[in-house]
Amino acid sequence: MEVKIGVEYSPRELVVSSALSQDEVEELVADSLRGEGGVLSLTDDKGKRFIIPANKVSYVEIGATDVRRVGFAVP
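The chain appears in an unreviewed UniProt entry as ATP-binding protein from Allokutzneria albata.

Caption draft 1: Here's a closer look at the overall build of the chain. A count of helices and strands for the chain gives 1 helix and 5 strands. Ordered by position from N to C terminus, the α and β elements of the chain give β-β-α-β-β-β. When contacts within the chain are restricted to residue pairs at least 6 apart in sequence, long-range pairs at least 24 apart make up 51% of them. Here the chain displays about 5,800 Å² of accessible surface, and carbon together with sulfur accounts for 51% of that area.

Caption draft 2: Region of interest: the pattern of salt bridges. The final tally for this structure, using the stated rule, is 3 salt bridges. Of the charged contacts, one joins Asp-31 and Arg-34 as a salt bridge, the two residues approaching to 2.6 Å between their closest N and O atoms. In this pair, Asp-31 and Arg-34 are both assigned in helix H1 (residues 22-34), 3 residues apart and thus about one turn of the helix distant. Judged by its relative accessible area of 39%, Asp-31 falls in the partly exposed class. Take Arg-34: its relative accessible area is 64%, and that puts it in the exposed class. Salt bridges linked by common partners bring Glu-2, Lys-4 and Glu-13 together as one network.

Caption draft 3: Layout of the environment of Leu-40. By secondary structure assignment, the location of Leu-40 is in strand E3 (residues 39-43). Taking relative accessible area as the criterion, Leu-40 reaches 1% and is therefore assigned buried. With 14 residues separating them in the primary sequence, Leu-40 and Ala-54 have C-alpha atoms 5.6 Å apart. Leu-40 has contacts with Ile-5, Leu-28, Val-29, Ser-32, Phe-50, Ile-51, Ile-52, Ala-54 and Val-57, leaving out every residue within four places of it along the chain.

Caption draft 4: Focus on the sheet that holds strand E1 (residues 2-7). Judged by pairing direction, the sheet is antiparallel, and its 3 strands sit side by side in the order E2-E1-E5 without closing on themselves. Looking at which strands have only one partner, the edges of the open sheet turn out to be strand E2 (14-17) and strand E5 (57-63). Between one strand axis and the next, the sheet turns through 20° on average, direction left out of account.

Caption draft 5: Fine view of a negative patch on the surface. Together, Asp-23, Glu-24, Glu-26 and Glu-27 make up a region of like negative charge exposed at the surface. Mapping Asp-23 onto the fold places it in helix H1. Judged by its relative accessible area of 60%, Asp-23 falls in the exposed class.

Thresholds applied
Residues numbered from 1 in each chain as written. Predicted model: local features only at pLDDT ≥ 70, side-chain atom pairs only at ≥ 80, totals over all residues. Heavy atoms only, no water. Helix = DSSP H or I, 4+ residues; strand = E, 2+ residues; numbered from the N terminus. Contact = heavy atoms within 4.5 Å. Areas by Shrake-Rupley, 256 points an atom, 1.4 Å probe, with all protein chains shown as cover. Salt bridge = Lys/Arg side-chain N within 4 Å of Asp/Glu carboxyl O. Buried < 20%, exposed > 50% of the residue type's maximum accessible area, 1.4 Å probe, protein only. Pairing = 2+ DSSP bridges. Axes fitted to C-alpha atoms, helices over the stretch in contact; angles between N-to-C directions. Patch = residues over 30% accessible without salt bridge, like charges linked within 9 Å, V, L, I, M, F, W, Y side chains within 5 Å. Lys, Arg positive; Asp, Glu negative; His and termini not counted. Charge placed at Lys NZ, Arg CZ, Asp CG, Glu CD.

Quick look at the structure:
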């Protein structure tokens, strides 16, 4: 699952590849945005943890991981 997070005052978005489902990610985001002074915490596939202050989150895009093919194989 690929999650793109826009952070206030940052020119680039944060891209996290997670094993969580779309519903699980949405629930984490919603819970963090509801809380006063909360943080959004996600862990990627490699075990790295990303912690973003909830009041700095501009947007969250939740989508399936794209399969990228390299080479000249016939699909």
